[in-house]
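# What the coordinates show
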Amino acid sequence: MIDNFDITDFLKNYWQKKPLLIRSAFPDYQPPISAEELAGLACEDFIESRIIQENKSGIKWSLENGPFRESRFSTLPESHWTLLIQGLNKVFPEFDDLLHQFNFIPSWRVDDLMASYAAPEGSVGPHLDQYDVFLLQASGRRKWMISEQPVDEDNFEADSPLKIIKHFTAELEWILEAGDMLYLPPNVSHYGIGLENCMTFSIGFRAPSHAELLSSYVDDHISELTDNLRYNDPDLSGQQNPGEITSDAISKVQEILLSQFKDRTRLENWYGRFITDYLTNDENLEENELTPIEFINSYKESGRLRRIASVRVNYLYDQNGHLSLFINGTKYTLKPDTNEMAKLFCNQHIYVYEELKTLLDDENTLAFLCELFNAGYIEFSDE
Ligand code: SIN
Ligand code: CO
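Residues numbered from 1 in each chain as written. Chains lettered and ligands numbered in written order. Predicted model: local features only at pLDDT ≥ 70, side-chain atom pairs only at ≥ 80, totals over all residues. Heavy atoms only, no water.

## Some remarks on the sheet that holds strand 9 (residues 181-184)
Spatial strand order, 1-9-6-11-5-4-2-3: eight strands in an open sheet with antiparallel pairing. In this open sheet, the two strands that pair with only one neighbour each are strand 1 (20-22) and strand 3 (59-65). Each adjacent strand pair in this sheet contributes to an overall mean axis angle of 20 degrees, direction not counted. As judged from the four bridges shared by strand 6 (residues 133-139) and strand 9, these two strands associate in the antiparallel manner. Its bridge partner being in strand 9, Phe-134 is matched across the sheet by Tyr-183. (Pairing = 2+ DSSP bridges. Helix = DSSP H or I, 4+ residues; strand = E, 2+ residues; numbered from the N terminus. Axes fitted to C-alpha atoms, helices over the stretch in contact; angles between N-to-C directions.)

## A word on the packing of aromatic side chains
By the definition in use, this model includes 37 aromatic pairs. Pairing Tyr-217 with Trp-270 gives two aromatic rings, centres 5.1 Å apart and planes at 80 degrees, and the pair type is edge-to-face. Taken together, the positions of Tyr-217 in helix 5 (residues 210-222) and Trp-270 in helix 7 (residues 264-276) put the pair 53 residues apart, joining distant regions of the chain. Accessibility expressed as a relative area gives 2% for Tyr-217, which makes it buried. Residue classification places Trp-270 among the buried residues on the basis of a relative accessible area of 6%. Seen from the ring of Tyr-278, Arg-206 lies directly overhead, with NZ or CZ sitting 3.8 Å from the centre. The ring of Phe-345 carries Arg-307 above its face, with NZ or CZ at 5.9 Å from the centroid. (Phe/Tyr/Trp six-rings, centres within 6.5 Å; stacked < 30°, edge-to-face > 60°. Buried < 20%, exposed > 50% of the residue type's maximum accessible area, 1.4 Å probe, protein only. Lys NZ or Arg CZ within 6 Å of the ring centre and 35° of its normal.)

## What to know about the coordination of the cobalt ion (ligand 2)
Around the cobalt ion (ligand 2), the protein contributes the donor atoms His-127 (NE2), Asp-129 (OD) and His-190 (NE2), at 2.0 to 2.1 Å from the metal centre. Read in sequence order, the donor residues coordinating the cobalt ion (ligand 2) give the pattern H-x1-D-x60-H. Taken as a pair, Asp-129 in the loop between strand 5 (110-118) and strand 6 and His-190 in strand 10 (residues 189-194) lie far apart in primary sequence, 61 residues in all. An identical accessibility class is assigned to Asp-129 and His-190; each is buried. (Donors = N, O, S within 2.8 Å, 3.2 Å for Na, K, Ca; no water.)

## Here we look at the side chain of Arg-206
Turning to its location among the elements, Arg-206 is positioned in the loop between strand 11 (198-205) and helix 5. Nearest to the buried, unbridged Arg-206 among oppositely charged side chains is Asp-111, at 5.9 Å. A distance of 3.1 Å separates a polar atom in the side chain of Arg-206 from the backbone oxygen of Trp-108. For Arg-206, the side chain forms a polar contact with the main-chain oxygen of Ile-275, separated by 3.1 Å. With residues near it in sequence (within four places) discarded, Arg-206 still touches Trp-108, Arg-109, Val-110, Asp-111, Ile-275, Tyr-278 and Arg-312. (Lys, Arg positive; Asp, Glu negative; His and termini not counted. Salt bridge = Lys/Arg side-chain N within 4 Å of Asp/Glu carboxyl O. Polar contact = N/O pair within 3.5 Å; in protein donor to acceptor, adjacent residues only side chain to side chain. Contact = heavy atoms within 4.5 Å.)

## Concerning the site of ligand 1
Taken together, Met-114, Ser-116, Val-124, His-127, Asp-129, Leu-135, Arg-142, Trp-144, His-190, Thr-200 and Ser-202 are the residues near ligand 1. One of the side-chain N or O atoms of Ser-116 is found 2.8 Å from an oxygen atom in ligand 1. A distance of 2.9 Å separates an oxygen atom of ligand 1 from a polar atom in the side chain of His-127. For ligand 1, whose accessible area on its own is 260 Å², the fraction buried by protein is 96%. Where the shell around ligand 1 is concerned, the elements lending two or more residues are strand 5, strand 7 (142-147) and strand 11. (Near = heavy atom within 4 Å. Areas by Shrake-Rupley, 256 points an atom, 1.4 Å probe, with all protein chains shown as cover.)

## Digging into the domain arrangement of the protein
Taken domain by domain, the protein comprises domain 1 (7-205) and domain 2 (292-380). Computed from C-alpha coordinates alone, the two centres of domain 1 and domain 2 are separated by 34 Å. Contacts between the two partners involve 10 residues from domain 1 and, on the opposite side, nine residues from domain 2. Taken together, the connections running from domain 1 to domain 2 amount to two salt bridges. The interface formed by domain 1 and domain 2 includes five residue pairs in polar contact (both at pLDDT 80 or more). Every element with two or more residues in the side of domain 1 that touches domain 2 is listed here: helix 4 (93-99) and strand 5. Of all the elements, helix 4 adds the most residues to the side of domain 1 that touches domain 2, at three residues. (Domains from an automatic or database assignment.)

## A look at the layout of surface pockets
Estimates place the volume of the second largest pocket at around 500 Å³. As for the second largest pocket, its lining consists of 27 residues, and the residues nearest its centre are His-100, Ser-107, Val-110, Arg-307 and Arg-312. The element best represented in the lining of the second largest pocket is strand 13 (residues 313-317), accounting for three residues. Residues that form the lining of the second largest pocket fall into these classes: 13 nonpolar, nine polar and five charged. Split by domain, the lining of the second largest pocket shows at least three residues from each of two domains, domain 1 (7-205) and domain 2 (292-380). (1 Å grid on protein atoms, 1.4 Å probe; cavity = no way out; pocket = protein on both sides within 12 Å on 5 of 7 lines; lining within 4 Å. Points joined across faces, edges and corners; volume = space filled by probe spheres on them. Nonpolar A, V, L, I, M, F, W, Y, C, P; charged D, E, K, R; others polar.)

## Section: the packing of helix 5 against helix 7
Orientation of helix 5 relative to helix 7, taken along the N-to-C sense of each, is 115 degrees, at an axis distance of 10 Å. When the axis of helix 5 is compared with that of helix 7, the two are roughly perpendicular. In the crossing of helix 5 with helix 7, the sense of the turn from one axis to the other is right-handed. Here Glu-212, Leu-213, Ser-216, Tyr-217, Asp-220 and His-221 of helix 5 lie close against helix 7, whose contacting residues are Arg-266, Leu-267, Trp-270, Tyr-271, Arg-273 and Phe-274. Of the residues assigned to the contact of helix 5 with helix 7, the class counts are six nonpolar, two polar and four charged. (Parallel < 35°, antiparallel > 145°, perpendicular 65-115°, else oblique. Left-handed = near helix turned anticlockwise from the far one by under 90°.)

Right under this line is the structure:
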């Protein structure tokens, strides 16, 4: 639970609209990771890491991409640098649990949890993002300055890999301490500076761009459009000017294009697959071969199952009221009477045996959960 935070008020007045500072959102917050552990992770190749340094060798803002050698951290200066680590929720269950505190937003809108560790005066520079973010101060203090003024295209540093704003004027500023959190909608300029060694967690959201939507939908659909489906004009009446593309012709073309989007079932099936096919990696899943009996016995013993954080799952009700389940970019064929389980699978990420055992009396439901386990989407978790 986020403290001092009213979900209804937030959604009505702030989400995608305006910034909100939440003091003591997580009272007495203790980060589940140390600076040393973060530095250790930045040396691994399975995680995306970056170091941003200000005024390094005469460059105003420099960006280095990981993985880093351990020795890189002993050569960093006392101040003016930041280490960023992406996708921490996929590595530590504690971070995945933290991400699920934000489940008042649909899970398909959630991106990931990034940590930033700043030395004194460390910053990634004034910038804006295309997505909503909650900035949770995890340790130490950071000064955040923000501005809701639009930024001119020519007010970004040239050749900067980070799209840093050249001339930034703060409209509001706050000092955030551990447990405080700042929500920013997209396109609000922000500039956070570490006042001492400090750690910030960014809970980031995603919103597909119109270009992405169109290109994915068209890619998905195009193979079904056979070559014999063509522009036709049996109603052609003679035209005075052969060089003119008439308004009638444009209307026909428009109708051809619009008709591709009218099939709601096709749209639902594509969107479910498209939106769950995001930074997922089925190759890393650990498959199992338990029978439903073996599975339920182990489940009873362990008490809890946890969904693998990198597995993306969503469901939708189609026009006919049927439930469709999507996992990592694939539509899953549901066994009869397993809708309750499918929904639970998507709506939660921890599944307590005691809460599920009645549902699992049903043979199909048990077989279904066992199938999800065997595919590696969920694992036993006794913490
Ligand atoms: C940071 O925590 O330093 C950067 C996070 C952000 O600006 O989105
Ligand atoms: Co940002």
